[in-house]
Amino acid sequence: MKRHGSALHPVNYTLWYEYVRGENPALRAAMDRYLAQHLQLDDAIADAMYRRFVTGGGIDATLIERTAEGVSTVLTGMAESAARAGDQTAQYGTSLSRLSQELAGSAHSPALEEMLNTTRQMQVAVTEMQQRLSDSQNEIGQLRAELRRVHEESRLDSLTGLANRRAFDQRLAACLAEADTPARRYQRPCLMIADIDHFKRINDTYGHPYGDHVLRAVGTILKEVTPADCLAARIGGEEFAVLMPSSSLSEARSLAESVRLRVAAARVRRQGQDDDATRITISIGLTLFRHGENGTAFMERADQALYTSKDSGRDRVTVLAG
Ligand SMILES: Nc1nc2c(ncn2[C@@H]2O[C@H](COP(=O)(O)OP(=O)(O)OP(=O)(O)O)[C@@H](O)[C@H]2O)c(=O)[nH]1
């Protein structure tokens, strides 16, 4: 990295790690072109390559975290080698000093003196290297923590703090893959989709900020009632979903009813109007997974149940199982 003018920091470590790993042909080709022309890979160029070939313009936190993991392992190995080299150099230096003292009384030895000086210089260089490796390791640790935070945030809906659609889709796919294994044959996941009633009217009557306030209130109720092994998400504007991997249909129905009742009982106050709260209701569709079907069919049936709730007067739970 030093030879090509690359400063020692996490972005460059990631870039070079990806290059050496050799599984990113586009990056490899671009870097090879630069290196063949003996061009310096300064920070601006490295940054552009990192964005273009490593993160693809956005942040792929999983990839970067994996890379940070790899770089950190390499650095740990280097730090251990540097520590061993430091110990050996120190031992060598001690032996040379002893030898020099033993010979001090006899003939003066410039060659021995030179070796002693060189050994001291080596000790300083090895200590500096150990320090630099330890600094880099700390930086990688911070980078990893930051990436974890970005990764977590990228899975949350910023308004309600529930999981977002992307996180929900991933969890649904994983849950259904597991549900189709023989071990889970008798435990079928349940899915509920909930949609706030007449939400457009709420927005139109009281304004969009109040609508947001209602969404947050529903999000809070869902967080409070959803068991730890289930996932509650905001999957669209005023649409929520709860995936229940190991609940029975009757447990899922109770959960859906309790969401409905708590939303109906909640009084979401308008700012500055303490006694004037609007009544909000929610319609819910609930269904049970059928072995062999895909996520789309599962979601569509929950949606169908939801629309039955809407069509038959709203503020109710409809179950479509089979
Ligand atoms: N405040 C707010 N409104 C949103 C948000 N996302 C979507 N909406 C609004 O949600 C409303 C959805 O309305 P519709 O799909 O027509 O349905 P509805 O009025 O809820 O009626 P029903 O579902 O039939 O009971 C639209 O007015 C959207 O503008 C958001 O993040 N904040």
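Quick notes on the rules
Residues numbered from 1 in each chain as written. Predicted model: local features only at pLDDT ≥ 70, side-chain atom pairs only at ≥ 80, totals over all residues. Heavy atoms only, no water. UniProt positions renumbered as here; feature names shortened; annotations may be inferred. Helix = DSSP H or I, 4+ residues; strand = E, 2+ residues; numbered from the N terminus. Buried < 20%, exposed > 50% of the residue type's maximum accessible area, 1.4 Å probe, protein only. Contact = heavy atoms within 4.5 Å. Areas by Shrake-Rupley, 256 points an atom, 1.4 Å probe, with all protein chains shown as cover. 1 Å grid on protein atoms, 1.4 Å probe; cavity = no way out; pocket = protein on both sides within 12 Å on 5 of 7 lines; lining within 4 Å. Points joined across faces, edges and corners; volume = space filled by probe spheres on them. Core = buried A, V, L, I, M, F, W, Y, C linked by side-chain atoms within 4.5 Å. Near = heavy atom within 4 Å. Polar contact = N/O pair within 3.5 Å; in protein donor to acceptor, adjacent residues only side chain to side chain.

Identification of the protein as diguanylate cyclase from Sphaerotilus montanus is taken from an unreviewed UniProt entry. According to the UniProt record, the Catalytic activity (unreviewed entry) comment for the protein is "2 GTP = 3',3'-c-di-GMP + 2 diphosphate".

A. Inspection of the overall build of the protein at higher detail. Broken down by element type, the protein carries ten helices and seven strands. A buried classification covers 39% of the 322 residues belonging to the protein. A separation of at least 24 residues holds for 67% of the contacts in the protein among residues at least 6 apart in sequence. Just so you have it, the protein exposes about 17700 Å², and 52% of that area is on carbon and sulfur atoms.

B. Molecular detail of empty space enclosed by the protein. Taken as a whole, this structure holds one cavity of 30 Å³ or more when the rule is applied. Each pocket or cavity is described by its volume, and for the largest cavity that value is around 30 Å³. For the largest cavity, the full set of lining residues is V214, A217, V218, I221, V263, A266, V268 and I280. With four residues, the top contributor of residues to the lining of the largest cavity is helix α8 (residues 208–225).

C. Structural view of the nonpolar core. Counting 31 residues, the largest nonpolar core has M192, I196, L222 and M244 as its most contacted members. Secondary-structure elements contributing two or more residues to this core are β1 (190–196), α7 (199–206), α8, β3 (239–244), α9 (249–265) and β6 (282–288). Looking at this core element by element, the count peaks at seven residues for α8. Among the nonpolar cores identified, the runner-up in size contains 19 residues, and F168, A179, A241 and F289 belong to it.

D. A look at the site of the ligand. Near the ligand you find 16 residues, and of these H198, K200, N203, D212 and R234 are the closest. K310 has a polar side-chain atom sitting 3.0 Å from an oxygen atom of the ligand. Here the ligand, which alone exposes 670 Å², has 66% of that area covered by the protein. Considering each element in turn, the shell around the ligand owes the most residues, four residues, to α8.

E. Spotlight on the side chain of S283. If you trace the backbone, S283 turns up in strand β6. For S283, the side chain forms a polar contact with the main-chain nitrogen of D315, separated by 3.3 Å. The contact partners of S283, leaving out residues within four places of it in the chain, are I193, A194, D195, D197, L306, S309, K310, R314, D315 and R316.

F. Fine view of unusual backbone geometry. Unlike most non-glycine residues, R314 shows phi in positive territory, near 70°. Its place among the elements puts R314 in the loop between α10 (295–311) and β7 (317–320). Its identity as a non-glycine residue notwithstanding, D315 has a phi of 50°, on the positive side. Locating D315 in the fold gives a position in the loop between α10 and β7.

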